[in-house]
Amino acid sequence: MIELKNISKSYRTDTIETLALQHMTMSVPSGEFLSIMGPSGCGKSTLLNIMGLIDEPTEGTMTLAGKEIAGYNGAQMARFRNEQLGFIFQSFHLINDLSVVDNVELPLLYRKVGGKERRRLALEALARVGLSNRAKHFPNQLSGGQKQRVAIARAIVGRPNIILADEPTGNLDSQMGDEIMEILLKLNSEIGTTIVMVTHDERMAKKTHRLVRLSDGERVS
Ligand code: ADP
Ligand code: ADP
């Protein structure tokens, strides 16, 4: 469960203040697959970054998995992020000089899981996204859709309760986009992973449980 109460975020420089989010209240129940849509600059990434503890709100309170985040220090946030959250980005964010399986192991490395167990869990995650036969390849030897599947394997290897996806199909053609959506839908329905996905694609949003629309930092539906 993700609960935002009256969350606002402003970016300030010497001369200008940008209100990226204004008094956002929403809750995402456990097991939901939620889409977020809205025009460029309306605050979608800011919202996802706040939910992901990458960015801090200027106002308001947030509860993640039953815990109010306000009291967390940096180390506690990093730990929570690593243990409870998985991230997927439009541009994949893989490390090009690590093999596929080494990329997938990364979140477990931060968690100090032993080498053999890391490998076992990473291969299991790759199997789930249908990429067992690419474990030893490097990212630049893969198609865009395959890269995104590696990124999903990396996001799920630590068995997070929540996946935050920022335009996961934005760089893919429609067939590859559909394949990525099928994987996310399956994770949600079979494992019960909560997913919050920013998308520009109405077709993808329609496949999820619920759609929230933003405009100028505010919810419009
Ligand atoms: P409705 O429009 O019927 O109120 P929703 O739009 O909320 O339902 O959800 C659409 C479908 O997704 C329904 O079949 C519902 O059972 C299912 N659904 C909604 N929320 C969840 C959830 N958290 N986990 C699994 N399935 C869900
Ligand atoms: P979206 O993801 O919907 O395109 P963003 O959340 O990236 O929107 O941005 C929302 C608003 O906040 C925009 O007006 C953007 O220019 C501004 N913004 C985002 N990040 C920063 C930043 N680091 N410094 C100043 N303004 C920012």
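First, a word on scope: everything that follows refers to the structure included in this document. Note that the structure is a prediction, hence the values are computed from the model and not measured. (Residues numbered from 1 in each chain as written. Chains lettered and ligands numbered in written order. Predicted model: local features only at pLDDT ≥ 70, side-chain atom pairs only at ≥ 80, totals over all residues. Heavy atoms only, no water.)

## Quick notes on the site of ligand 2
Filter applied, for reference: The rule for a residue being near a molecule or strand is that one of its heavy atoms must lie within 4 Å of it. Pairing of N or O atoms within 3.5 Å defines a polar contact, subject to two protein rules: one partner must be a possible hydrogen donor and the other a possible acceptor, and residues neighboring in sequence count only if both atoms are side-chain atoms. Calculation of accessible area relied on Shrake-Rupley with a 1.4 Å probe; when residues are assessed, cover is drawn exclusively from the protein chains displayed. Strands here are runs of E lasting at least two residues and helices are runs of H or I lasting at least four, both read from the DSSP assignment and numbered beginning at the N terminus. Residues are grouped as follows: Ala, Val, Leu, Ile, Met, Phe, Trp, Tyr, Cys and Pro are nonpolar; Asp, Glu, Lys and Arg are charged; all remaining types, including Gly, are polar.
Close to ligand 2 lie Tyr11, Thr18, Ala20, Pro39, Ser40, Gly41, Cys42, Gly43, Lys44, Ser45 and Thr46, which account for all nearby residues. Take Cys42: an N or O atom from its main chain is 3.1 Å from an oxygen atom of ligand 2. Protein chains bury 59% of the 560 Å² of accessible surface belonging to ligand 2 in isolation. For the shell around ligand 2, the secondary-structure elements that each account for two or more residues are β2 (17-28) and α1 (44-51). Looking at the shell around ligand 2, the element that brings in the most residues is α1, giving 3 residues. For the shell around ligand 2, the residue count by class is 4 nonpolar, 6 polar and 1 charged.

## Section: the layout of surface pockets
Applied cut-off: Put plainly, a pocket is an open set of points on a 1 Å grid over the protein atoms alone with protein on both sides within 12 Å along at least five of seven lines, a cavity is a set where a 1.4 Å probe fits but cannot get out, and a lining residue has an atom within 4 Å of a point. Grid points are joined across faces, edges and corners, and a volume is the space filled by probe spheres set on the points.
Within this model, the largest pocket holds a volume of roughly 470 Å³. Secondary structure elements with two or more residues in the lining of the largest pocket: α2 (74-84), β6 (85-89), α3 (100-110) and α5 (144-156). With 4 residues, the top contributor of residues to the lining of the largest pocket is β6. Class assignment of the residues belonging to the lining of the largest pocket gives a composition of 10 nonpolar, 4 polar and 4 charged. Taken as a whole, the second largest pocket holds about 330 Å³ of empty space. Mapped by element, the contributors of at least two residues to the lining of the second largest pocket are α4 (115-128) and α6 (174-191). The dominant element in the lining of the second largest pocket, judged by the number of residues it contributes, is α4, at 4 residues.

On their own, these measurements won't tell you what the molecule is for.
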